[in-house]
Amino acid sequence: MRGRFITFEGGEGTGKSTHAATLAARLKSLGLGVRLTREPGGSVGAEIMRHILLSGVAKPLGPEVETVLFAAARDDHLTEVIRPALARGIWVVCDRFADSTRVYQGAVGQVDPRAIRALERVIVGDTMPDLTFILDVPAEQGMQRTAKRRDKPGGPETSDRFEAEAIEFHEKLRDGFLTLAANEPARCVLIDATLPKEQVADQIWRVVNDRLEPTLAPIQLADVSP
Ligand code: TYD
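**Thoughts on the site of the ligand**
Surrounding the ligand, one finds 16 residues, the nearest of these being Glu12, Arg74, Arg96, Thr101 and Gln105. Taking Glu12, its side chain carries an N or O atom lying 2.6 Å from an oxygen atom of the ligand. In isolation the ligand offers 540 Å² of accessible surface; the protein chains occlude 94% of this area. In a pocket analysis with a 2 Å cut-off to the grid points, the ligand is assigned to the largest pocket. Listed by contribution, the elements that provide at least two residues to the shell around the ligand are α2 (44-55), α3 (63-87) and α4 (98-108). If one sorts the elements of the shell around the ligand by residue count, α4 sits on top with four residues. In terms of residue class, the shell around the ligand is built from five nonpolar, three polar and eight charged.

**What about the packing of aromatic side chains?**
With the rule as written, the count across this model stands at seven aromatic pairs. Both rings, one in Phe70 and one in Phe162, keep their centres 6.1 Å apart while their planes meet at 45°; by these two values the pair is tilted. Here Phe70 is found in helix α3, whereas its partner Phe162 is found in the loop between α6 (139-151) and α7 (167-183), with 92 residues between them in sequence. With respect to class, Phe70 is no different from Phe162; both count as buried. Phe162 sits in the buried class, given a relative accessible area of 6%.

**Section: α4**
Along α4, 10 of the 11 residues are buried, which leaves the element largely enclosed by surrounding structure. As for α4, its buried residues are in contact with β1 (5-10), α3, α5 (113-123), β4 (131-136) and α7. After α4 finishes, the residue Gln110 shows a positive phi value of roughly 65°.

Cut-offs applied
- Residues numbered from 1 in each chain as written.
- Predicted model: local features only at pLDDT ≥ 70, side-chain atom pairs only at ≥ 80, totals over all residues.
- Heavy atoms only, no water.
- Near = heavy atom within 4 Å.
- Polar contact = N/O pair within 3.5 Å; in protein donor to acceptor, adjacent residues only side chain to side chain.
- Areas by Shrake-Rupley, 256 points an atom, 1.4 Å probe, with all protein chains shown as cover.
- 1 Å grid on protein atoms, 1.4 Å probe; cavity = no way out; pocket = protein on both sides within 12 Å on 5 of 7 lines; lining within 4 Å.
- Sits in = over half its atoms within 2 Å of the grid points.
- Helix = DSSP H or I, 4+ residues; strand = E, 2+ residues; numbered from the N terminus.
- Nonpolar A, V, L, I, M, F, W, Y, C, P; charged D, E, K, R; others polar.
- Phe/Tyr/Trp six-rings, centres within 6.5 Å; stacked < 30°, edge-to-face > 60°.
- Buried < 20%, exposed > 50% of the residue type's maximum accessible area, 1.4 Å probe, protein only.
- Contact = heavy atoms within 4.5 Å.

And the structure:
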């Protein structure tokens, strides 16, 4: 049986990475094979593209070119990691996926939505997530959280290409994700990520259990997580 595909989306500093990792650990504790991954990146080729995209060197080329580069990274990630894992019955938990392109490059970057849809059809095809969590916090709060992360020892020293954008950009991002959640309720679940971390994690776990019934999934003994 094909594994399930779960993605986490939202603006900057919403806690996606933390909750993707917590969910992956909970699924593993049921004995399931789980692959925790992220975008842009997640495969050797896509991690190279990640560096190009987040360093900002592609920014002068414009949002259309960035869109194509995100799509190219996604293609490698899907081919090398996501599809093979799902085919083996492994559950894939991914920190950002195609919805980030729809919102960052589409809703906010003003790339023609027809171009984004066309690329998504070609690159993602029917490998759309079974379930997508959209973590929501007010833009200001999200920016404060990413600034705090930078102040921590060992944290990133500078903001990346997208974190460095102004507050208006982050507010537009939030609106874009809220619209997406409202338009696709069958796949997307909006989570109030201003709540304490444990409460957010428990809500996510409840939704996964209700919608995907992981306790009934066949046990996958091969653990391919890094
Ligand atoms: P990352 O360091 O993973 O940020 P975060 O912790 O906020 O997820 O950087 C990913 C950045 O790339 C983030 O700012 C969103 C952006 N992005 C896009 O603009 N389009 C995309 O398709 C994807 C996958 C990410």
